[in-house]
Amino acid sequence: MSSDCDIVAQWLSEARSAVTFTGAGISTESGIPDFRSPGGVWSRTQPVYYDDFLNSADSRLEYWRQKSESHVDFSDASPNIAHQALARWEAGRQMRGIITQNIDGLHQIAGSQSVLELHGTAREIGCLDCNSRFDADLMVTQFNETGEVPVCPHCSGLLKHATISFGQSLDETVLREAIGWCRDADLFLAMGSSLVVQPAAGLPTLARESGARLVIINREPTPLDHIADMVLHAGIGETIAAIEKAMIGAS
Ligand SMILES: [Zn+2]
């Protein structure tokens, strides 16, 4: 594996608009469960669909109950060595930014500034009417104490975690920017994603078709392995650490 990591390190040092794409696999190494995996929350609980949230007070209560329960999964989690290395690569201008499927905010906590969150963030609560944002910790604590679904303090509108719910469309602005990055990318590192959930899974293909080198780092095979320039079936943290070491060794 080390010679493969040397090659990726070389590609990264040559790249002018490298983009990283991250999925649940980078956060499971921080102890955050993958909610889509067998045994994950959606194999045990029926998620609340967006339309039901809008139309039913009972669904909103169920939504807040579920979200408050899963909040503890990441409220105590810390970025791991992979999040930290990616933040250093951005600061060192080796990487343009990160497109992520994760909602845990760990990239920003690690120091990354250029992050496109395709599925939003569970660190904030958004008002569906006036778009005000609030800190999720405070509102989840309030919900746990009162058992009452909060309403917007500014306009009494509906409050929901700033994540994309089942049945809700992705944020067009975020998606458009991610597509732009993929078109401009000369290196695309996909890590910790099974690359099966659309439209996110289309982004590595778009980058590859636009001329980027495609590197896939994931423990399990993905449907895009056959179009990648390099595939590393390994843990994210150990692989990123080996790539970073090779970059430092070569500089
Ligand atoms: Zn509001």
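Everything below is about the structure shown above.
What comes next is a walk through the structure. Bear in mind the structure is a predicted one, so any value in this text is a computation, not a measurement.

Reading the values: the criteria
Residues numbered from 1 in each chain as written. Predicted model: local features only at pLDDT ≥ 70, side-chain atom pairs only at ≥ 80, totals over all residues. Heavy atoms only, no water. Phe/Tyr/Trp six-rings, centres within 6.5 Å; stacked < 30°, edge-to-face > 60°. Helix = DSSP H or I, 4+ residues; strand = E, 2+ residues; numbered from the N terminus. Buried < 20%, exposed > 50% of the residue type's maximum accessible area, 1.4 Å probe, protein only. Donors = N, O, S within 2.8 Å, 3.2 Å for Na, K, Ca; no water. Tetrahedral: all angles 85-135°; square planar, octahedral: opposite > 155°, others 65-115°. Core = buried A, V, L, I, M, F, W, Y, C linked by side-chain atoms within 4.5 Å. Contact = heavy atoms within 4.5 Å. Salt bridge = Lys/Arg side-chain N within 4 Å of Asp/Glu carboxyl O.

All chains considered together, the criterion is met by four aromatic pairs. An angle of 55° between the planes, with centres 5.7 Å apart, marks the rings of Tyr49 and Phe166 as tilted. On the criterion of sequence distance, the pair formed by Tyr49 in the loop between helix H3 (41-44) and helix H4 (50-55) and Phe166 in the loop between strand S6 (159-163) and helix H9 (172-184) is long-range, its members being 117 residues apart. With a relative accessible area of 39%, Tyr49 lands in the partly exposed category.

Those donors, Cys127 (SG), Cys130 (SG), Cys152 (SG) and Cys155 (SG), are the protein atoms that reach the zinc ion, and they lie 2.3 Å from it. Considering all four donor atoms around the zinc ion, angles at the metal cover 101 to 114° and the coordination shape is tetrahedral. Considered as a linear motif, the donors of the zinc ion on their single chain read C-x2-C-x21-C-x2-C. Here Cys152 lies in the loop between helix H8 (136-146) and S6 and Cys127 lies in strand S4 (residues 120-127), a separation of 25 residues in the sequence. For the residue pair Cys127 and Cys152, the accessibility class agrees, reading buried in each case.

Looking now at the nonpolar core. Counting 26 residues, the largest nonpolar core has Trp89 and Ile243 as the members making the most contacts within it. Of all the secondary-structure elements, those providing two or more residues to this core are helix H1 (2-14), helix H6 (81-91), strand S7 (187-191), strand S8 (213-217), strand S9 (230-232) and helix H11 (236-250). Ile243 has contacts with Cys5, Val8, Ala9, Leu12, Trp89 and Ile217, leaving out every residue within four places of it along the chain. If you look at the next biggest cluster of nonpolar residues, it comprises 24 residues, including Leu116, Ala178, Phe188 and Leu195.

This part takes up the pattern of salt bridges. When their charged atoms lie close together, side chains carrying opposite charge are able to pair. Counted by the stated rule, this structure contains seven salt bridges. For Glu14, the salt bridge identified is with Arg213, shortest N-O distance 3.3 Å. Of this pair, Glu14 sits in helix H1 while Arg213 is found in strand S8, placing the two residues 199 residues apart along the sequence. When the shortest N-O distance is used, the salt bridge between Arg65 and Glu69 registers 3.4 Å. Residue Arg65 and its partner Glu69 are both found in helix H5 (residues 57-75); the two are separated by four residues, about one turn of the helix. With a relative accessible area of 39%, Arg65 lands in the partly exposed category. What emerges from the salt-bridge pattern is a single network uniting Glu62, Arg65 and Glu69.

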